[in-house]
Amino acid sequence: MTPDIWVMITGILAASALGLIGSFLVLRQNGMLGDAISHAVLPGLVLAFLITSSRNVVPMVIGAGLFGLLTAYLTELLSQTRRVYSDAAMGIVFTLLFAVGVIMVALFAEQVDLDQECVLYGEIAYTPWNTFVVGGTNLGPRAVWILGSVLLANLGFILLFYKQLKISSFDPQMAVAVGISEKKWHYLLMTMVSLTVVSAFESVGAILVVAMLIIPGATAYLLTSRLHTMLLLSVGIGIICAVGGFMGASYFDASIAGFMAVVGGIVFALVFAGTLIAKRIHQTRYTSERQHIAETISG
Amino acid sequence: MEPVAPIEVHDLTVAYRRKPVLWNIDFSLPEGKLIGLVGPNGAGKSTLIKAIMGLMPLLSGYVKIYGEPLDTMRHKIGYVPQRESVDWDFPINALDVVTMGRYGRLGLFGRPSKDDKAIAMECLRKVGMQDFAHRQISQLSGGQQQRVFLARALTQDASVYLMDEPFAGVDAATEKAIVDLLKELKEHRKTVLVVHHDLHTVNEYFDWVMLLNMRLVKFGPTDQIFTNDNLRLTYGGKLLLLAEAAEKVARQL
Amino acid sequence: MDWWDLTVRFFSLADANVRWVVFGSILLGGAAGGLGCFAYLQKRSLMGDALAHAALPGVGLAFLVVGRKDFLALLLGASITGWLGALAINYIVRESKIKLDAALGIVLTVFFGLGIVILTYIQKSGSGSQSGLDKFLFGQAAAMGRNDVVILGIVALTMLAVVALGFSKFKLISFDPGFGRSLGMQVGLLQFVLTTMIVFAVTIGLQAVGVVLMAAMLITPAAAARQWTDKLQRMVMLASLFGILSGLFGAYISFLAPRFPTGPWMVIVVTAVFVLSVLFAPQRGVISFIRQHYANRRRMTREHVLKVLFKAGQDSRQWKTYYPVDQIKRMWSFTQHELNAALAGLQKQGMMEKSGGMYRLSDDGITEGARVTRLHRLWEVYLSRYLELPEDHVHRDAEDMEHIITPEMEARLEELLEHPEYDPHRQEIPYIGKRSQA
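The shown structure was predicted, so the numbers you read here are calculated from the model rather than taken from an experiment.

With that settled, the discussion passes to the overall build of chain A. Counting its secondary structure elements, chain A contains 13 helices and 2 strands. Judged by the C-alpha coordinates and their principal axes, chain A covers about 85 × 50 × 35 Å. When burial is assessed residue by residue, chain A has 59% of its 299 residues classed as buried. In chain A, 72% of the contacts between residues at least 6 apart in sequence involve partners at least 24 apart. Carbon and sulfur atoms make up 68% of the accessible area of chain A, which totals about 11,900 Å². Each charge class in chain A was averaged separately, 14 positive and 15 negative side chains, and the resulting centres sit 17 Å apart.

The structure is reproduced here in structure tokens:
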């Protein structure tokens, strides 16, 4: 297979996994969590580098994962003191961790082969050459394996625990009332989000992670009134963003991750405009009908 | 043997954001009665319901359901939360919401079966909402949303129902539907505790009444308890000291 | 050069480069800190994060149009797209069921993605002099020159003037836009002005501290200032001050160790200020809260000691008997430690007299013990009379209340209950020290 196909597959897998789990963040009104986590993991990445002095994926994911959970935990802790609003608490925590990360990068510049730009832009274009080799056999790009497993894990998680995720996102009190612990499912979901964000982040970069976590879910949210349809649509929209973004980026010879986010924006804008127009038409028809009735009555 | 009360609350004290909202509440609900829970704003009516449901940490005291701790008896209680407590834009239809009442019986991996759906549909019919089963919930009126919540509680097939302001801001049709439903529940010997605001209808709707103002003021059969004197006591200035004291405690403890 | 010489050189501002960096950091720290308060109070703290990202395509587009790195042009471009981002966020939230968090996320990623596309395009089209555009991503305060700082200063002072002029109106729409609307205020217009200023605050900071850390300069100083005051005016001034301090010390640290960029150190300094504020602010601070909690507990123990000794005196009619510590301990569930502390404290206050390791109440102690007992019993009467609580229930409640009833509440209680003689347990309510005063 050509490298281009692998890049596209990587994009599709990342967008699907992120779109699925991100739909729940959109519904829980916690959409900025992905942004916070993907910035806050920088110190974790640097530490993993320093300790193993390699770009080995396992320590990177562990380091980043720990800092991802640390972000969620510190934010929770800070807002529980009830001394700051929860959105501000998240902002304070992730910017601090990012600042620490930037300083660590500057401090260990010689040892750490990691620049902030690659963290943000991602290196999705290089994924085909970073292959997974077992016993001398080349099994294809590592990112495809990682993201494929994460996608399967997310699918399994959502399929198995659909009802718990649904009720605790819609009505946490009712969840507790029927014996489904809202807290437990909240933290399980957060763990899945961290895992997904961190593993996607390693291969496609922060900007694409945050974009695909929110845009497909939010767009699907506008299109449907059923949760399972929303989840399916979010995957479809994610795939459109990945393919469209890749083609656009090749055409303009620009950042692939950036272009995928832009295509996401275009798709969202089209859908949003569509809903607005539909609403307008509906309203006009309604008013003209009323006028008609009024005229009939008075006439 | 004395019959076991559907709900027994003993020495219950609950604080919300460190401010005690309920103090030393003690009562046992009589079986098979419709009970109105009445009191001024901030008296802790919703808090009491939530405390019984285990949705709020207790500072002291306990709640027993038919003499057993709540965790083993959740299936005995049906719950109708306040309508404002959820986001009605959630992508879900009325039937989905109602089916949630069955989730407690499905175990970790179970999915709602055809039977569960049929029960949900039947409960929607009981509240006159069968035609709206596949409507997205944001397209329902306030009263219809309230009826969906009631239907959901019915699917829990419980012995005791706790309802948090079901009559708040509903249309006349919904009010009548709720009243009919309450009567039907009573016929089936269910015990229902309803947070209620409209003092004019208390006599008409409820057999028993609980007057609450941070403490349990009075509790008993409506004809004996729901008197002008008791209402004046519950709503009047004599109990202002209670609220003031709670403020002070919040600042000090 | 040693550390001290460097410090002197830095703070004397003798070095022209240092001067501009310091002025620049201070200006943007102060401006962002002050404006951040309004966003904080509207629970839109993460708006700054989204707008900072939304400014990036403007930087790239301005470069494409002007063809060189002109600070003013880039600033203008950044402001325009940042402002479009703000518009988009407000529009999405108003016209769809999408909530603020997702709207922020959409605008942030789409605009930023576009910015990256444009920057990579510039890079690959090889317009040579583009180097330095990426400084807008991560910031480089050291690159600030005189002209930049002059522009920064003008923007910051304009914003200061606007905030000062419309302060009361901005205050109202931050706390209660509905009420503002009912007063006939143009809430939409005011919100628009406020958003525009936040856009400017973000864009002037981009070059110095970068996209992500600029968000911190809007949030963290405001959250820190909130700990110290309930007044918006003071909060804005304090947040500005915290922003200025972090600008100064961020610049100082990166002057001492030039490898360290200024922006991240500003964020670390201001977060440190925030943590200290949460811990040590009077009243809202965690430490003062804990101290007050323990002070209250000690006072309650002292009041319990007075009460049990008063009861012993009342029961035996022997006011002059000394009691050994062990016996006092048995009168209540005191721990040895807290009892010792309470006895020592009471002795110091002159409420307790000590003789041979034994204690008794002084006259003041008797009066005070009577007061606590009286409050306890009055409350019991109150509960049992109006709530008809059984005797065994009123005691527990009164145990808490005896410590918190103010003289004013006491007077109302007494009047309401018509100065009862006995509590529900048929114990006499002592008016010692009360009637003699009256």
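Structure shown, so let's carry the discussion forward.
Turning our eyes to something else, we now look at the sheet that holds strand β2 (residues 352–355) of chain C. Note on sheets: strands pair through backbone hydrogen bonds, and any given pair is parallel or antiparallel. All names here are of chain C. Taken in spatial order, the 3 strands of this open sheet run β1-β3-β2, and their pairing is antiparallel. Two strands bound the open sheet, and with one partner strand each, they are β1 (323–324) and β2. Pairing of β1 with strand β3 (residues 358–361), which is carried by 2 bridges, proceeds in the antiparallel orientation. The residue of β3 that forms the bridge with Pro-324 is Met-358.

Accessible area lost upon the coming together of the parts serves often as the stated size of an interface. Counting residues at the interface gives 34 residues for chain B, matched by 27 residues for chain A. Both faces considered, chain B and chain A share a buried interface measuring about 2,800 Å² in area, 62% of it formed by carbon and sulfur atoms. On the chain B side of the contact with chain A, B:Phe90, B:Pro91 and B:Tyr103 bury the most area, a combined 25% of that side's loss. Our count for the contact surface shared by chain B and chain A stands at 3 salt bridges. Residue B:Arg152 is joined to A:Asp171 by a salt bridge in which the shortest nitrogen-to-oxygen separation is 2.8 Å. Those elements that provide at least two residues to the side of chain B that touches chain A are α3 (94–99) and α5 (142–155) of chain B. Class assignment for the residues of the side of chain B that touches chain A results in 16 nonpolar, 9 polar and 9 charged.

All names here are of chain B. The mixed open sheet is built from 6 strands, whose spatial order is β6-β7-β8-β3-β9-β10. The sheet terminates laterally at β6 (77–80) and β10 (215–221), the two strands that pair on one side only. Neighbour to neighbour, the strand axes of the sheet diverge by 15° on average, direction disregarded. In this fold α5 packs onto β6 and β7 (160–163), with an angle of close to 170° to the strand it touches most, β6.

It is a general feature of regular strands that their side chains alternate between the two faces of the sheet. Residue and element names in this part refer to chain B. Burial of β6 is two-sided: the residues Ile-77 and Tyr-79 facing one way and the residues Gly-78 and Val-80 facing the other way are all buried. Of the pairings in the sheet, the one linking β6 to β7 comprises 4 bridges and is parallel in character. When the sheet's bridge partners are listed, Ile-77 is paired in β7 with Val-160.

The next point concerns the domain arrangement of chain C. Residue and element names in this part refer to chain C. For chain C, the assigned domains are domain 1 (3–282) and domain 2 (285–438). Placing the centre of domain 1 and that of domain 2 at their C-alpha centroids yields a distance of 56 Å. Between domain 1 and domain 2, the contact holds 6 residues from the first and 4 residues from the second. Between domain 1 and domain 2, roughly 350 Å² of surface is buried when both sides are summed, and carbon and sulfur atoms account for 64% of that area. One can count 0 salt bridges joining domain 1 with domain 2. Inspection of the region where domain 1 meets domain 2 yields 4 residue pairs in polar contact (both at pLDDT 80 or more). The residue makeup of the side of domain 1 that touches domain 2, split by class, is 5 nonpolar, 1 polar and no charged.

All names here are of chain C. By the secondary structure assignment, Thr-7 is in helix α1 (residues 3–12). Counting along the chain gives 246 residues from Thr-7 to Ile-253, while the straight-line C-alpha distance between them is 9.6 Å. In this view, Thr-7 contacts Tyr-252 and Leu-256; residues no more than four positions away in its chain are not counted.

Below, the discussion takes up the environment of C:Met185. Summarising the element assignment, C:Met185 is placed in the loop between α10 (177–182) and α11 (187–209). Those residues within four positions of C:Met185 in sequence are excluded, and the remaining contacts are C:Lys169, C:Leu172, C:Ile173, C:Gly180 and C:Leu190.

With that settled, consider a positive patch on the surface. Taken together, A:Arg82, B:Arg17, B:Arg18 and C:Lys43 make up a surface patch of like positive charges. Note on placement: A:Arg82 falls in the loop between α4 (57–80) and α5 (86–107). Residue A:Arg82 is classed as partly exposed on the basis of its relative accessible area, which comes to 39%.

You will see that B:Asp11, though not glycine, has its phi angle at about 55°, which is positive. At C:Arg317, a residue that is not glycine, the phi angle is positive and equals roughly 60°. Along the polypeptide, C:Arg317 turns up in the loop between α15 (286–316) and β1.

The rules behind each value
- Residues numbered from 1 in each chain as written.
- Chains lettered and ligands numbered in written order.
- Predicted model: local features only at pLDDT ≥ 70, side-chain atom pairs only at ≥ 80, totals over all residues.
- Heavy atoms only, no water.
- Helix = DSSP H or I, 4+ residues; strand = E, 2+ residues; numbered from the N terminus.
- Buried < 20%, exposed > 50% of the residue type's maximum accessible area, 1.4 Å probe, protein only.
- Contact = heavy atoms within 4.5 Å.
- Areas by Shrake-Rupley, 256 points an atom, 1.4 Å probe, with all protein chains shown as cover.
- Lys, Arg positive; Asp, Glu negative; His and termini not counted.
- Charge placed at Lys NZ, Arg CZ, Asp CG, Glu CD.
- Pairing = 2+ DSSP bridges.
- Buried area = accessible area lost by both parts, 1.4 Å probe.
- Salt bridge = Lys/Arg side-chain N within 4 Å of Asp/Glu carboxyl O.
- Nonpolar A, V, L, I, M, F, W, Y, C, P; charged D, E, K, R; others polar.
- Axes fitted to C-alpha atoms, helices over the stretch in contact; angles between N-to-C directions.
- Domains from an automatic or database assignment.
- Polar contact = N/O pair within 3.5 Å; in protein donor to acceptor, adjacent residues only side chain to side chain.
- Patch = residues over 30% accessible without salt bridge, like charges linked within 9 Å, V, L, I, M, F, W, Y side chains within 5 Å.

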